[in-house]
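In case you want the letters, here they are:
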Amino acid sequence: MRVLVLGAGFGGLELSARVSEELGDDADVVLIDRADGFVLGFSKLDVMFGRTSEAAVRHSYADIARPGVRFVRAEVRAIDPVHRAVDTGAGRFEGDVVVVALGADLDPAATPGLVEAGVDYYTPAGAFAARAVLESFGGGRVVVGVTSTPFKCPPAPSETALMMHDFLTARGLREASEISLVMPLPSPIPPSPGASESLLAAFAERGIRWYPNRLVRSLDPDRRLAVCADGEELPFDLFLGVPAHRVPRVVADSGLCVDGWVPVDPLTLETGFPNVYAVGDVTSVGTPKAGVFSERQARVVADRLIARHRGTEAVSTYDGTGVCYVEYGNETVGRVEVTFRSGERPFGTFEAPSGSLSRDKAEFGRSRARRWFGTDWVTY
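As the structure is a computational prediction, the values presented were derived from the model and not from experiment.

Visitor: So what's going on with the overall build of the chain? Which residues, and what values?
Guide: Of regular secondary structure, the chain possesses 10 helices and 23 strands. Whereas a compact globule of 380 residues would reach a radius of gyration of roughly 21 Å, the chain reaches 21 Å, a difference of no more than 12%. Within the chain, buried positions represent 55% of all 380 residues. Long-range contacts, defined as pairs at least 24 residues apart, comprise 66% of the intrachain contacts of the chain with a sequence gap of at least 6. Per element, the accessible surface of the chain, about 15,600 Å² overall, is 47% carbon and sulfur.

The structure is reproduced here in structure tokens:
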């Protein structure tokens, strides 16, 4: 059974690792990605705020050395879900199973003025470039703004605002600055009231202005204004933007999408095409677009593929649960566990920020580096 895995993010890496662990050389996995390496999502902010370096957080796909897994660095140019084939810059590949894990693309140009006047910090490249912008920033009005829904990692804009507070404080610029956070959500993390209450208290304590239920629709480069969907205008000297998210064009052209994303069975992650699965941000499965959810979905798909290979009944199903760490600054981190199930109201639990959870977060990163790349790694 040849498995084509398109995308080497959380989902693609975890699926490949699990299938290899269980099947060894009997596995036949082709893992395809256009990048040369992987960066954990939370590492972007660590680099952006000067806590570590780009080289320290980038994990090379060349380090993948698992039985039954072959990594191909190439851009996926076309997906044929009927015949389970893909065309890439490295040629055509055919499989018995295809798993689409290409994530979501970001489109800064979709928000007028964002490219000209704002900073897109939501990709690794954008966050790494933002480091130089922050180092030269002399203080003033900072707006962290979300420009579209859905968007990856809903807690990240809150983390950005809190880390910006620490960044400016350490440089003696906080008193001369304002920080505003604009989000389309009624609370920072709606499924977890405890986490939201904690974050709102942290904003109030630090003097961070909170603008819920709002989207930034455009930036006015000349007047340096962020214009919200309701018409409110927020002046800024530095705008840190979360750009519009889109399904990758190659997925949109494949016939897999409905209303902009790939629909899947919420329990099995199967698409409407036989033996074609999709996991992570590319789907409309109903969970947030975050790596921890993609990883958990990939385990379900891997277990089902392993069962198929062994001729046993596939019983693994997706439970909609994910855990994320929320950076509060000053070496403290909170922990949120949320569950999204079809037909049920999402719910979550919260552990208050602490130094011990900061160490847990670091171990989360280290464990993935060891598991997926066989390398040692620390966040900072």
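Visitor: Explain the sheet that holds strand S15 (residues 216-220) residue by residue, including any values.
Guide: Here 3 strands make up an open sheet; going across it, the order is S15-S16-S17 and the pairing antiparallel. The sheet terminates laterally at S15 and strand S17 (233-235), the two strands that pair on one side only. Here the strands of the sheet are splayed against their neighbours by 25° on average, with no regard to which way each runs. Pairing of S15 with strand S16 (residues 225-228), which is carried by 4 bridges, proceeds in the antiparallel orientation. For valine 216, the partnering residue across the bridge sits in S16 and is cysteine 228.

Visitor: Talk me through the pattern of salt bridges; I want residue IDs and the actual numbers.
Guide: Evaluation of the coordinates by the stated rule reveals 32 salt bridges. Across the salt bridge formed by aspartate 237 and arginine 141, the nearest N and O atoms sit 3.2 Å from each other. Here the residue aspartate 237 occupies a position in the loop between S17 and strand S18 (238-242), and arginine 141 occupies one in strand S12 (residues 141-146), the gap between them amounting to 96 residues. Lysine 361 is the partner of glutamate 327 in a salt bridge, and the nearest nitrogen-oxygen pair spans 2.7 Å. Taken together, the residues glutamate 327 in strand S21 (residues 321-329) and lysine 361 in helix H10 (residues 355-373) connect sequence positions 34 residues apart. Salt bridges sharing common partners tie together Glu14, Glu21, Arg66, Glu295, Arg299, Arg368 and Arg371.

Reading the values: rules and limits
Residues numbered from 1 in each chain as written. Predicted model: local features only at pLDDT ≥ 70, side-chain atom pairs only at ≥ 80, totals over all residues. Heavy atoms only, no water. Helix = DSSP H or I, 4+ residues; strand = E, 2+ residues; numbered from the N terminus. Rg over C-alpha atoms; globule rule 2.2 N^0.38 Å. Buried < 20%, exposed > 50% of the residue type's maximum accessible area, 1.4 Å probe, protein only. Contact = heavy atoms within 4.5 Å. Areas by Shrake-Rupley, 256 points an atom, 1.4 Å probe, with all protein chains shown as cover. Pairing = 2+ DSSP bridges. Axes fitted to C-alpha atoms, helices over the stretch in contact; angles between N-to-C directions. Salt bridge = Lys/Arg side-chain N within 4 Å of Asp/Glu carboxyl O.

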